[in-house]
Structures are given as C-alpha cells and as structure tokens.
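Secondary and tertiary structure notes
So the chains spell out like this:
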Amino acid sequence: MRHGRARPKIRVAAVACAAALALGVGSGTATAAPDAPSPSVTAAEIVRSADAQLYNDAQNALVKGRYDSGFAALEAIATAAPDDANVAALQTFYANATADTDARLQHSARLRTLSPTLADAVDRAIAVIDEVATEEIDFAPVTDGPRTAIVVLGLGLNGDGSMAAELMERLRAAVSATELSPESPIIVTGGNPQNSVTEAEAMQQWLVDNGIAADRIHTESTANSTVQNAQLATALATEIGADMLVLATTPSHLRRAISDFEIAGADVIGAATTTPEDVPDLPALAPTSRLGMTVDATKILGIPRFY
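Bear in mind the structure is a predicted one, so any value in this text is a computation, not a measurement.

Counting secondary structure elements, the protein contains 12 helices and 5 strands. Expressed as a percentage of the 307 residues in the protein, the buried residues total 50%. Counting contacts in the protein only where the partners sit at least 6 residues apart, residues at least 24 apart contribute 76% of the total. As displayed, the protein offers around 13300 Å² of accessible surface, 54% of which is attributable to carbon and sulfur atoms.

Laid out in structure tokens, this is it:
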C-alpha cells in the first residue's frame, strides 16, 4: 500500500479523448475538409447504427463474465469497424481479466495505433487493477493531517432512511481513523435517498451524533455506485485540499473500491478499521476474479456501456 507517493493521473487523459469516446470511435472518426460543410451523418454514426447491437451484446456478455460470446461479438465489430478504439479497449481490458497475456498485448498494440491517449489510460488502469488485487492493504497508514481525507463509502439505506448495521460499522472505522488523525477531514459519499434522506446525509448525522464536529464533515450526496463514489469523492477531496485518501468500507468491497478510486485519480494510502485487532484477512484476487474491478475501470475511463 502506498504512503502518499505521487501517482500519475488519468482523469486528464479520459477528458482529452471524451469527444472520440462519445462517438464510440478512435482516430478513425471521419472529419470534413477545412472548407467543406460538416456532413450530416458521420462515419461514427454509420458504424454505430450498423454494429450497435453487436456492441451492446458484447457488453452484456462481458459484464456477466460470459467471455466467449462477448469476445466473439467484439471480434465481429473489430472486423466491420476496425477504427473503433472502444472495441480495442474492451478487448484489452477483458483479455487481462481472463489472464490471456498474449491477447492483451495484441489488443493493446492495436489500441495504441487508434488512440494513444486511451491506450495509456487503459494500460495504467490495468496496472492499478493488477496491483490492488494482490497488494497488502495498510490499515495503519501514515497520515498527513488535512492533506489526508478519510472517505466513508455509502451503502443502501433502509426504507425509512435508517442505516444498516454494515454502514454503521464503516462509520465506526472512520471515527477510529479520525482519532488517529485528528486534523483529517471526513468525506461521506452516497446518494440513493430513502424517505428523502441520502446515504451521505444519514452518515453525516450519525457522525455528528457521535461527537464529530460538523465542520469537519464534507458530504457528497449524489453518487449511486462505487464508480461514482470514486469519481465524485476524489474531486471533492481535491477541492478541500486533500491529496491522500483513507477508505472506510466493507472488507469484501475494499480491493474494488481502492482500484476505482486510484483509477479515478486518487492516491489511496490505506483503509480504516475500528481497532488494530479488527484488521481483516483479505486474500489476493486471482486474475480471473477481477471482473468487477475491470467493469468499473471501463466506466471510469468513459467507455460507453451501450451504443
């Protein structure tokens, strides 16, 4: 587990290729000559119209781990639309998820000819996934006061807006971390309102009721997934001047959460636990057990879920 070391960001890379990603193609997108009027139908739209169902079928299969049918659909699109960088990116990601090193290197090389920026982002995301899946997680990280934020990830509320025991356990772990680092801000992230109460609002109130100063708590009340927790809480941490994060979440969720946050540009230096004796045993994830991390990575990079 890192201790505040600088990490390259990929958010800029993702933004830089957003226009291409929005159309679902890489460097092969058609553009009009400088003096010619813009075409009413782009090459990307034609490709999308012809192969959208194949792309959607591929994504539906891959996110559920049905690799044979997913890879077959991607290969068909790659043949029909060889300039589609999203397809090459998905082939690269899921070849890694199936531990097919030769295929991953082949698809990565093709992706680099289509979109070097996206290729860089995919390569870094895969490196993060592979590292986080196997590394030892630090439950006693060296924090740096206000530069280290403690982030509590939300969990679905009960119908009346109350919190489940699992979410309160995450909050107790965060409180323990705040006692060890009394100048660190706390970020609570989660939307999904029940009875007009969001996860973040319920967590904020619990923390105040349990002795945490209200001005120390920063709320992000719109995220509805771990991916959005990572993206929005990372941005909020930057706004408040924190450049290192300690995560408080359920142990079984921790590796995926760390991967999402780091791919979103955060520097996660450790995790929170209630006491040193409560450190969980987190086995490494085999290459073929990283599907959730892979699916989340494609979302963070902005690769379209559907055409």
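Relative to the helices and strands, Thr273 resides in the loop between strand S5 (268–271) and helix H12 (291–300). Those residues in contact with Thr273 that sit more than four places away from it in its chain are Phe139, Ala173, Ser176, Asp278 and Val279.

Spatial ordering of the open sheet is given by S3-S2-S1-S4-S5, a layout of 5 strands whose pairing is parallel. This sheet does not close on itself; its edge strands, each paired only once, are strand S3 (217–220) and S5. For this sheet, the mean inter-axis angle between neighbouring strands, taken without regard to orientation, is 25 degrees. Note that strand S4 (residues 244–248) and S5 share 3 bridges and pair parallel. From the neighbouring strand, Leu247 faces S5, where its bridge partner is Ala271. Helix H9 (residues 199–209) contacts strand S1 (148–153), strand S2 (186–189) and S3 of the sheet and is inclined by roughly 145 degrees relative to S2.

This part covers the pairing of S4. Within S4, 5 of the 5 residues are buried, which leaves it mostly tucked inside the rest of the structure. Along S4, one buried face is formed by Met244, Val246 and Ala248 and the opposite face, lined by Leu245 and Leu247, is buried too. In terms of strand pairing, S1 meets S4 through 5 bridges, oriented parallel. Residue Ala149 lies in a different strand from S4, and its bridge partner there is Leu245. The parallel pair S4 and S5 is bridged by helix H11 (residues 251–263), and the resulting crossover is right-handed.

Turning our attention to the packing of aromatic side chains. One pass over the full model with this rule turns up 3 aromatic pairs. Pairing Tyr67 with Phe71 gives two aromatic rings, centres 6.0 Å apart and planes at 20 degrees, and the pair type is stacked. Of this pair, Tyr67 and Phe71 are both found in helix H4 (residues 67–80), 4 residues apart, which corresponds to roughly one turn of the helix. Given a relative accessible area of 18%, Tyr67 falls into the buried group. Exposure remark for Phe71: the relative accessible area of 25% places this residue in the partly exposed category. Judged by centre distance (6.5 Å) and plane angle (50 degrees), the ring pair of Tyr67 and Tyr94 falls under tilted.

As a further point, take the environment of Asn96. Relative to the helices and strands, Asn96 is located in helix H5 (residues 85–97). Considering only alpha carbons, one finds Asn96 and Thr288, 192 residues apart in sequence, at a separation of 8.5 Å. Excluding residues within four positions of it along the chain, Asn96 makes contact with Arg104, Ile126, Asp130 and Pro287.

Across the protein, pLDDT averages 87, with 84% of residues at or above 70. The low-confidence segment residues 3–43 (pLDDT under 50) makes 66 contacts with residues lying over four places distant or belonging to another chain.

A general feature of soluble globular proteins is that nonpolar side chains tend to end up buried together. Among the nonpolar cores identified, the biggest contains 61 residues, and Phe93, Leu247, Phe261 and Leu301 are the most heavily contacted of them. Sort the elements by how many residues they give to this core and helix H7 (residues 116–132) lands first, with 9 residues. If near-sequence neighbours (up to four positions away) are discounted, Leu247 is found in contact with Val151, Leu153, Leu254, Ala257, Ile258, Phe261, Val268, Gly270, Ala271 and Ala272.

Right, let's talk about the packing of helix H10 (residues 226–239) against H12 for a bit. Following both chains from N to C, one finds H10 and H12 inclined at 45 degrees, their axes separated by 10 Å at the closest point. The pairing of H10 with H12 is recorded here as oblique in orientation. H10 and H12 meet at a crossing whose hand is right-handed. Contacts between H10 and H12 involve Thr226, Val227 and Gln231 from the first element and Asp296, Lys299 and Ile300 from the second. Per-class residue counts for the contact of H10 with H12 are 2 nonpolar, 2 polar and 2 charged.

Moving on: H11. Helical periodicity: at 3.6 residues per turn, an α-helix aligns residues three or four positions apart in one direction. With 13 residues, H11 extends 19 Å between its outermost C-alpha atoms, agreeing within 8% with the 18 Å of an ideal straight helix rising 1.5 Å per residue. Counted residue by residue, H11 has 10 buried out of 13 residues, so it is predominantly covered. Where H11 ends, the next residue or the one after it, Gly265, has phi of about 110 degrees, a positive value.

This part is about the side chain of Asp84. Assignment of secondary structure puts Asp84 in the loop between H4 and H5. For Asp84, the side chain forms a polar contact with the main-chain nitrogen of Asn86, separated by 3.0 Å. Looking at Asp84, its side chain comes within polar contact range of the side chain of Tyr307, at 2.9 Å.

Parameters and conventions
Residues numbered from 1 in each chain as written. Predicted model: local features only at pLDDT ≥ 70, side-chain atom pairs only at ≥ 80, totals over all residues. Heavy atoms only, no water. Helix = DSSP H or I, 4+ residues; strand = E, 2+ residues; numbered from the N terminus. Buried < 20%, exposed > 50% of the residue type's maximum accessible area, 1.4 Å probe, protein only. Contact = heavy atoms within 4.5 Å. Areas by Shrake-Rupley, 256 points an atom, 1.4 Å probe, with all protein chains shown as cover. Pairing = 2+ DSSP bridges. Axes fitted to C-alpha atoms, helices over the stretch in contact; angles between N-to-C directions. Right-handed = clockwise from strand over helix to strand, strands pointing away. Phe/Tyr/Trp six-rings, centres within 6.5 Å; stacked < 30°, edge-to-face > 60°. pLDDT = per-residue confidence, 0-100. Core = buried A, V, L, I, M, F, W, Y, C linked by side-chain atoms within 4.5 Å. Parallel < 35°, antiparallel > 145°, perpendicular 65-115°, else oblique. Left-handed = near helix turned anticlockwise from the far one by under 90°. Nonpolar A, V, L, I, M, F, W, Y, C, P; charged D, E, K, R; others polar. Expected span 1.5 Å × (residues − 1). Polar contact = N/O pair within 3.5 Å; in protein donor to acceptor, adjacent residues only side chain to side chain.

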